[in-house]
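Structural characterization, general
Here is how the chains run, residue by residue.
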Amino acid sequence: IRVLDRIDVVPKVVRQFVTIVLRSCAREVGPLLVMRLNAGQRVAELASCIELADAIDHPGAIRAARRLAAHPAVPVRRTVARALRRDPSPEAADAAILLLADPDSSVRSAAARTLGHLAARTAIPALTIALSDPVWLVRLRSAVALAETGAPGRAALRRARDSGYRYARETATM
């Protein structure tokens, strides 16, 4: 528990080492992370706990993190968007689809990447819209995510390539 109390303030290299050690005892650490994620911690601590849940791949902690997708702080939402790739459930895909519409481009980018990792076909309409995002990285990750969803996603890319929307057309052509 003391390690989790200080996880957000230790240097990155120490955090990586601690993560490796904690991964070996994920069954014991996971419930502690769930408690932390449900307890309304400071933003930096929440983000660090979500990163740790992602790193040790604890399903209960990832589910607890998923509930923070609407958190007011960008670092928390961005970290949730990244961690959702560990959760193959439809609820995780739904949360990532919501994050794809986030006001912050780093959250949208992370959400698009996660949707590609999940190969979530339910995300094809949202990813197609994201091809017109004003931020290049979001468009790129959305195009890659569409390609990763299989034939329906690639068909959406072909339609975008032939559309009248410049950004979508350019991104789909890549």
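These lines cover the structure that appears in this document, whether it is placed above or below. (Residues numbered from 1 in each chain as written. Predicted model: local features only at pLDDT ≥ 70, side-chain atom pairs only at ≥ 80, totals over all residues. Heavy atoms only, no water.)

As for the overall build of the protein chain
Broken down by element type, the protein chain carries twelve helices and zero strands. Sorting the 174 residues of the protein chain into buried and exposed places 48% on the buried side. Taking the intrachain contacts of the protein chain between residues at least 6 apart in sequence as the baseline, contacts between residues at least 24 apart amount to 63%. Just so you have it, the protein chain exposes about 9000 Å², and 59% of that area is on carbon and sulfur atoms. (Helix = DSSP H or I, 4+ residues; strand = E, 2+ residues; numbered from the N terminus. Buried < 20%, exposed > 50% of the residue type's maximum accessible area, 1.4 Å probe, protein only. Contact = heavy atoms within 4.5 Å. Areas by Shrake-Rupley, 256 points an atom, 1.4 Å probe, with all protein chains shown as cover.)

Observations regarding unusual backbone geometry
Notably, D57 is not glycine yet its phi reads approximately 55°, a positive angle. Following the sequence through the fold, D57 ends up in the loop between α4 (43–56) and α5 (59–66). We classify D57 as partly exposed; its relative accessible area is 37%. The backbone of A119 shows a phi angle near 50°, a positive value even though the residue is not glycine. Mapping A119 onto the fold places it in the loop between α8 (105–118) and α9 (124–130).

Comments concerning the pattern of salt bridges
Inspection of every chain in the model, using the stated rule, returns nine salt bridges. With a closest N to O distance of 3.2 Å, E45 and R36 form a salt bridge. Take E45 and R36: they sit in the same class, and that class is buried. With a closest N to O distance of 2.5 Å, R77 and D102 form a salt bridge. A residue pair is termed long-range when its members are at least 10 positions apart, and R77 in helix α6 (residues 74–83) and D102 in the loop between α7 (90–99) and α8 qualify at 25 residues. Both residues of the pair, R77 and D102, count as buried. (Salt bridge = Lys/Arg side-chain N within 4 Å of Asp/Glu carboxyl O.)

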